[in-house]
Amino acid sequence: MRALALPLLVLCLCGCRDEQAGPRSRAPAAAAAARAGQPALSFTSNATFGGGALRYLGARVAPASGEPGALRVTNFFVPLRQLPPGFQLFVHLVDPRTGQMVSNDDHPLAVPMERWPVGKVVEDTHDIVLPPGVTSARMLLGFWQGDARLPVDQASAQDGQNRMLGPVLETESVALPEYRVHRAHPAPVIDGVLNDAAWARAAPITLVNSLDGSPGRVRTTAKLLWDEKYLYVSFDCEDPDVWATFTKRDDPLYTQEAVEIFIDADGDGRTYNEIEVNAANTLFDAYFPARREGMDLSWDSQALTAVTVQGTLNDASDKDEGWRVEMRIPIDRLAAVPHVPPRTGDRWRFNLYRLEQHGRRDVEGLAFSPPRVGDFHALNRFAWLVFED
């Protein structure tokens, strides 16, 4: 293969795998974008091609006019030095779960990349319609010339074949739910009782089966509130047999019964936090720099939690009513929070879950936004948390 103007070009490979991008700074995303003069994005990357020659800022995804499910995607790039001639853009859509190719959306650039001005933001906008039967797809993109691809510099930002990880695209049929969280006036007392006046102002959420969205076999109601310092979460769980054997901090509560909140505060689909509580009021909290990667149990959420049991804990001989949980989570302890304190109108990504073992054997997963796969870490299916007064 003859030498090209940018080093380390690699041959195109067949096949692919879908991975979330890797670690990023915990600095507030909005502030970082403002400093860099970046456009408003619904997906942020900042990874580079060709040994630092070209930065991919990310993408903005919006509904497109025309047929249902059409999306308009604008990708944003910044050349960091003069780019060589002859490269063309490729855009592949793959199944987020299997990595299987579902669509090829290659299209010509409006301006050849060798004419892109160094240091200026360049936009590429095109409309995409997902194929029939496909409701979710991961965009992979890059640049090719002959049988070579412009290399992606960060291994965690690509699929192993020099295809940069772009946004996950979803049609209206799998639109994400939204929860409008109100300020706590005043803050609830964290005692697990759930009789505070503030909770009466919070809208209730009923969790549903995580695989298909059907009603759960047991009722789970959750609510959220916030103030300048804390995010408050409550769960009211119907349960005829309340039990929990894990009592040590960061025990694997997810292997028994627990309630959980996942928070991707800047919505980048990478860095996120997971906080769980079981009926024994045992806390599990972790930071993840990427989807299911680098679980950091040393992270301390400093969450205050309380549990009350309506029945008897760990006694299968009687019938219980259930258990209730309250959490108070310091906002400034969470990863990549756009604004501390949050501003009215801020939008985070999050999800709520419950794990229930019927008869202590038959596992049922419940969720606010059903991932519809057997994975609570399905970040692309997280709901929206909208901050209001």
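Rules of the game
- Residues numbered from 1 in each chain as written.
- Predicted model: local features only at pLDDT ≥ 70, side-chain atom pairs only at ≥ 80, totals over all residues.
- Heavy atoms only, no water.
- Helix = DSSP H or I, 4+ residues; strand = E, 2+ residues; numbered from the N terminus.
- Buried < 20%, exposed > 50% of the residue type's maximum accessible area, 1.4 Å probe, protein only.
- Contact = heavy atoms within 4.5 Å.
- Areas by Shrake-Rupley, 256 points an atom, 1.4 Å probe, with all protein chains shown as cover.
- Pairing = 2+ DSSP bridges.
- Phe/Tyr/Trp six-rings, centres within 6.5 Å; stacked < 30°, edge-to-face > 60°.
- Core = buried A, V, L, I, M, F, W, Y, C linked by side-chain atoms within 4.5 Å.
- Polar contact = N/O pair within 3.5 Å; in protein donor to acceptor, adjacent residues only side chain to side chain.
- Axes fitted to C-alpha atoms, helices over the stretch in contact; angles between N-to-C directions.

Trainee: Before we move on, could you go through the overall build of the protein chain and cite the residues and values that matter?
Mentor: Along its length, the protein chain carries two helices and 23 strands. Here the protein chain, with 389 residues, has 56% of them falling under the buried criterion. A separation of at least 24 residues holds for 67% of the contacts in the protein chain among residues at least 6 apart in sequence. When the accessible surface of the protein chain is summed, it comes to about 16500 Å², and 52% of that surface belongs to carbon and sulfur atoms.

Trainee: Can you explain the pairing of strand 17 (residues 272–277)? Please cite residues and give values.
Mentor: Counting buried positions along strand 17 yields six of six residues, so the element is predominantly enclosed. With burial as the criterion, each face of strand 17 is covered, one bearing Tyr272, Glu274 and Glu276 and the other bearing Asn273, Ile275 and Val277. As paired strands, strand 16 (residues 258–264) and strand 17 are joined by five bridges and run antiparallel to one another. In the sheet register, Val259 faces strand 17, and the bridge partner there is Val277. Inspection of the sheet shows strand 17 paired to strand 18 (residues 283–288) by six bridges, in the antiparallel sense. Looking at the pairing, Ile275 lines up with Asp285 of strand 18. With antiparallel pairing between neighbouring strands as the criterion, strand 17 and strand 18 make up a hairpin whose turn holds five residues, including Asn281 at a positive phi of roughly 60°.

Trainee: So, the packing of aromatic side chains: which residues are in play, and what are the values?
Mentor: Taken as a whole and judged by the stated rule, the model has 15 aromatic pairs. Ring geometry for Tyr56 versus Phe77: centroids 5.3 Å apart, planes at 35°, classification tilted. You can see Tyr56 sitting in strand 3 (residues 54–63) and its partner Phe77 sitting in strand 4 (residues 70–79), a full 21 residues away along the chain. One exposure class covers both Tyr56 and Phe77, and it is buried. Both rings, one in Tyr254 and one in Phe284, keep their centres 5.5 Å apart while their planes meet at 80°; by these two values the pair is edge-to-face. Remark: Phe284 occurs in strand 18 and Tyr254 occurs in the loop between strand 15 (230–238) and strand 16; sequence separation between them is 30 residues. On the basis of relative accessibility, which here comes to 37%, the residue Tyr254 falls in the partly exposed class. Take Phe284: its relative accessible area is 0%, and that puts it in the buried class. An aromatic cluster of at least three residues, connected via ring pairs, comprises Phe262, Tyr272, Phe288, Tyr353, Phe376 and Phe382.

Trainee: Requested: an account of the nonpolar core, with residues and values cited.
Mentor: In terms of nonpolar packing, the biggest core is built from 50 residues, with Leu224, Leu231, Phe235, Ile261, Met327, Trp348 and Leu352 touching the most fellow members. Ranked by residue count, the leading element in this core is strand 15, at five residues. Setting aside chain neighbours within four positions, we find Leu352 in contact with Ile205, Leu207, Ala222, Leu224, Val233, Phe235, Glu260, Ile261, Leu366, Ala367 and Phe368.

Trainee: Please give an account of the side chain of Asp375 that cites residues and values.
Mentor: Its place among the elements puts Asp375 in the loop between strand 22 (362–367) and strand 23 (383–387). Taking relative accessible area as the criterion, Asp375 reaches 11% and is therefore assigned buried. Reaching out from Asp375, the side chain makes a polar contact with the side chain of Arg291 at a distance of 2.6 Å. If we ignore the near neighbours within four places in the chain, the residues touching Asp375 are Arg291 and Arg292.

Trainee: Outline the environment of Pro204, listing residues and values.
Mentor: Among the structural elements, Pro204 can be located in the loop between helix 2 (197–201) and strand 12 (205–206). Taking relative accessible area as the criterion, Pro204 reaches 58% and is therefore assigned exposed. Separated by 30 residues in the primary sequence, Pro204 and Ser234 have C-alpha atoms spaced 9.7 Å apart. When sequence neighbours within four positions are dropped, the list of residues in contact with Pro204 reads Thr221, Ala222 and Lys223.

Trainee: Account for the side chain of Arg354, naming residues and giving values.
Mentor: Assignment of secondary structure puts Arg354 in strand 21 (residues 347–358). Here Glu238 takes part through its backbone oxygen, which lies 2.8 Å from a polar atom of the side chain of Arg354.

Trainee: Pulling in residues and values, what's your account of the environment of Glu228?
Mentor: Along the chain, Glu228 turns up in the loop between strand 14 (220–226) and strand 15. The class for Glu228 is partly exposed, based on a relative accessible area of 42%. On a C-alpha basis, the gap between Glu228 and Pro330 in space is 9.4 Å, while along the polypeptide they are 102 residues apart. When near neighbours in sequence (up to four residues on either side) are disregarded, Glu228 contacts Arg183 and Pro341. At a separation of 2.8 Å, a polar atom in the side chain of Glu228 contacts the side chain of Arg183.

Trainee: Before we move on, can you summarise unusual backbone geometry with the specific residues and values?
Mentor: Omega for the peptide link from His185 to Pro186 comes to -10°, which places this bond in the cis form. Assignment of secondary structure puts Pro186 in the loop between strand 11 (178–183) and helix 2. Looking along the chain, the bond that leaves Val340 and enters Pro341 is cis, with omega of 0°. Residue placement: Pro341 occurs in the loop between strand 20 (322–330) and strand 21. The residue Asn162 is not glycine, and still its phi comes out positive at about 60°.

Trainee: Describe the sheet that holds strand 2 (residues 43–49), with residues and values.
Mentor: The strand order across the open sheet formed by four strands is 2-3-4-7, and the pairing between neighbours is antiparallel. Each edge of the sheet is formed by a strand with only one pairing partner; in this case those strands are strand 2 and strand 7 (122–129). Going across the sheet, the axis of each strand differs from the next one's by a mean of 25°, ignoring polarity. Two strands pair when backbone bridges link them, and strand 3 and strand 4 are joined in this way by nine bridges, in the antiparallel orientation.

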